[in-house]
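One letter stands for each residue in the lines below.
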Amino acid sequence: QLSSTFYDTSCPSAMSTISSGVNSAVAQQARVGASLLRLHFHDCFIQGCDASILLNDTSGEQTQPPNLTLNPRAFDVVNSIKAQVEAACPGVVSCADILAVAARDGVVALGGPSWTVLLGRRDSTGSFPSQTSDLPPPTSSLQALLAAYSKKNLDATDMVALSGAHTIGQAQCSSFNGHIYNDTNINAAFATSLKANCPMSGGSSLAPLDTMTPTVFGNDYYKNLLSQKGLLHSDQELFNNGSTDSTVSNFASSSAAFTSAFTAAMVKMGNLGPLTGTSGQIRLTCWKLNSS
Ligand code: HEM
Ligand SMILES: [Ca+2]
Ligand SMILES: [Ca+2]
């Protein structure tokens, strides 16, 4: 059972250390706020929120396709925050909790809503590369997206709300080339402008996931979907004459509705399969297991 006060006596400086670390990293590169949010998502969907994504095993989760595009800066930020937290409270604060708090602080640093992060997760004692397939690829259909979230006990509203994370951050050409060259449910001028930096063959050049406000957290992502300006195939699937159209319209017209659904869904996602009590370990260094 996670609790918001978990470190109040064991490490009272933990929360402020994490938020200062995130704020200074975001001030240097706004994208890091997005990258930290994505890192927490990729952690939670693979075996639960247990920092398994942070282990840099040579054949671990980090080597699997959906994780190859995680921004390396986000790992650096987490590792450096962890070192500062360890200096104040050795062996107390888990890497999994640092990820959950840093995701929230990244959203807040980019102008998004805050929420209470529940704490007390412990860190995994292994990496789970084969479970990386629980992360849906950007070529997914609506049906596949709904199924991937349903497997994590997240419903359609949670799925649409969490996808609103794409109001910030960037994607590589290889993640959206199929959508801009092959799909017809895309604004023609938008597709043309993206093709200038993204050849049909793909590549690593970056484009913002939210063409309106790439470094501001808000509901513009849904407004883009209404005008067929979703960057990923999977983004536009949420508004493509299917069962989630009405939720997209609602979030596009009400930022309050989006905020309340997003923050509730983040708490739900943060509760996925946590290790608690004496399970797992409190890693001393986030990228490797404690030596036994
Ligand atoms: C619905 C299923 C999802 C799919 C298919 C998906 C897919 C992707 C892809 C392909 C990228 C770009 C990777 C690249 O090319 O560099 C991306 C970026 C991103 N995703 Fe998702 N995503 C999904 C859900 C989520 C969720 C639930 C969150 C967080 C709550 C999230 C947060 C982000 C963020 C913030 C970025 C930008 C990261 C950066 O700039 O470093 N995504 N996503
Ligand atoms: Ca994990
Ligand atoms: Ca935005």
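Conventions used here
- Residues numbered from 1 in each chain as written.
- Chains lettered and ligands numbered in written order.
- Predicted model: local features only at pLDDT ≥ 70, side-chain atom pairs only at ≥ 80, totals over all residues.
- Heavy atoms only, no water.
- Helix = DSSP H or I, 4+ residues; strand = E, 2+ residues; numbered from the N terminus.
- Rg over C-alpha atoms; globule rule 2.2 N^0.38 Å.
- Buried < 20%, exposed > 50% of the residue type's maximum accessible area, 1.4 Å probe, protein only.
- Contact = heavy atoms within 4.5 Å.
- Areas by Shrake-Rupley, 256 points an atom, 1.4 Å probe, with all protein chains shown as cover.
- Lys, Arg positive; Asp, Glu negative; His and termini not counted.
- Charge placed at Lys NZ, Arg CZ, Asp CG, Glu CD.
- Near = heavy atom within 4 Å.
- Polar contact = N/O pair within 3.5 Å; in protein donor to acceptor, adjacent residues only side chain to side chain.
- Nonpolar A, V, L, I, M, F, W, Y, C, P; charged D, E, K, R; others polar.
- Domains from an automatic or database assignment.
- Donors = N, O, S within 2.8 Å, 3.2 Å for Na, K, Ca; no water.
- Tetrahedral: all angles 85-135°; square planar, octahedral: opposite > 155°, others 65-115°.
- Phe/Tyr/Trp six-rings, centres within 6.5 Å; stacked < 30°, edge-to-face > 60°.
- Buried area = accessible area lost by both parts, 1.4 Å probe.
- Salt bridge = Lys/Arg side-chain N within 4 Å of Asp/Glu carboxyl O.

Colleague: Is there a simple way to think about the overall build of the protein chain in this case?
Modeller: Per the secondary structure count, the protein chain includes 13 helices and two strands. Its C-alpha radius of gyration of 18 Å places the protein chain within 12% of the 19 Å reference for a compact globule of 292 residues. The principal-axis extent of the C-alpha atoms belonging to the protein chain is close to 55 × 40 × 35 Å. A total of 292 residues make up the protein chain; the buried ones form 50% of that total. Once local pairs closer than 6 in sequence are excluded, the contacts in the protein chain between residues at least 24 apart make up 75%. Here the protein chain has roughly 11,900 Å² of accessible surface; of this, 52% comes from carbon and sulfur atoms. Charge separation in the protein chain, taken as the distance between the mean sites of 15 positive and 19 negative side-chain charges, equals 3 Å.

Colleague: Just checking my understanding: could you explain the environment of Cys 95 for this structure?
Modeller: Following the sequence through the fold, Cys 95 ends up in helix α5 (residues 95-109). Residue Cys 95 is classed as buried on the basis of its relative accessible area of 0%. In this structure the C-alpha to C-alpha distance between Cys 95 and Asp 123, which are 28 residues apart in sequence, comes to 6.4 Å. Once residues lying within four places of it in the same chain are set aside, the contact partners of Cys 95 are Ala 51, Leu 54, Lys 82, Asp 123, Arg 283, Thr 285 and Cys 286.

Colleague: What exactly am I supposed to notice about the site of ligand 1 here?
Modeller: In the region of ligand 1, 27 residues are neighbours, and Arg 31, Ser 35, His 166, Gln 172 and Ser 175 sit closest. Note that an oxygen atom of ligand 1 is positioned 2.7 Å from one of the side-chain N or O atoms of Arg 31. A distance of 2.5 Å is found between an oxygen atom of ligand 1 and a side-chain nitrogen or oxygen belonging to Ser 175. At the level of secondary structure, the elements contributing two or more residues to the shell around ligand 1 comprise α2 (31-45), α6 (142-150), α7 (156-163) and β1 (170-172). For the shell around ligand 1, the element with the most residues is α2, which contributes six residues. A breakdown of the residues in the shell around ligand 1 according to their chemical character gives 15 nonpolar, 10 polar and two charged. The two domains that each donate at least three residues to the shell around ligand 1 are domain 1 (14-135) and domain 2 (142-265).

Colleague: Help me understand the coordination of the calcium ion (ligand 3) in this model?
Modeller: Any two of four tetrahedral donors ideally make an angle of 109.5 degrees at the metal, while pairs among six octahedral donors ideally make 90 or 180 degrees. Bound to the calcium ion (ligand 3) are the protein donor atoms Thr 167 (O), Thr 167 (OG1), Asp 210 (OD), Thr 213 (O), Thr 213 (OG1) and Val 216 (O), situated 2.3 to 2.4 Å from the metal. Classification of the site at the calcium ion (ligand 3) as irregular follows from its six donor atoms and the range of 71 to 179° in their angles at the metal. Here the donor residues of the calcium ion (ligand 3) are spaced in sequence according to T-x42-D-x2-T-x2-V. Residue classification places Asp 210 among the buried residues on the basis of a relative accessible area of 0%. With relative accessibility at 23%, the residue Thr 213 sits in the partly exposed group.

Colleague: Looking at this model, I keep getting lost on the packing of aromatic side chains. Mind explaining?
Modeller: Any aromatic ring pair is given by two values, namely how distant the centres are and how the planes are angled relative to each other. A complete count under the given rule lists 11 aromatic pairs for this structure. Ring plane angle 85° and centroid distance 5.8 Å describe the contact between Trp 115 and Phe 262, whose orientation is recorded as edge-to-face. Pair noted here: Trp 115 is in the loop between α5 and α6 and Phe 262 is in helix α13 (residues 255-270), with a separation of 147 residues, a long-range link. By the burial criterion, Trp 115 is buried, and Phe 262 matches it. Note on Phe 217 and Phe 258: the rings are 5.8 Å apart at their centroids and 15° apart in plane angle, and the pair reads as stacked. One end of the pair, Phe 217, is in the loop between β2 (206-208) and α10 (220-226); the other, Phe 258, is in helix α13, with 41 residues separating them in the sequence. Phe 258 sits in the buried class, given a relative accessible area of 2%. Taken together through their ring pairs, the aromatic side chains of Trp 115, Phe 217, Tyr 221, Tyr 222, Phe 251, Phe 258 and Phe 262 make up a single cluster.

Colleague: Help me understand the domain arrangement of the protein chain, please; the structure alone is not making it clear to me.
Modeller: Accessible area lost during the coming together of the parts is what is often quoted as the interface size. Per the domain assignment, the segments of the protein chain are domain 1 (14-135) and domain 2 (142-265). In this complex, domain 1 contributes 16 residues to the contact, which on the side of domain 2 involves 17 residues. Between domain 1 and domain 2, a total of about 1,400 Å² is buried, with carbon and sulfur atoms accounting for 71% of that surface. Where domain 1 packs against domain 2, one counts two salt bridges. Between Lys 152 and Asp 134 there is a salt bridge, with its nearest N and O atoms 2.7 Å apart.

Colleague: What's the story with the coordination of the iron atom of ligand 1 in this structure? I'm lost.
Modeller: Of all protein atoms, His 166 (NE2) alone acts as a donor to the iron atom of ligand 1, lying 2.1 Å away. Along the polypeptide, His 166 turns up in the loop between α7 and β1.

Colleague: Is there a simple way to think about the environment of Ala 74 in this case?
Modeller: Residue placement: Ala 74 occurs in helix α4 (residues 72-88). Since its relative accessible area comes to 1%, Ala 74 is described here as buried. Ala 74 has contacts with Ser 35, Leu 36 and Leu 39, leaving out every residue within four places of it along the chain.

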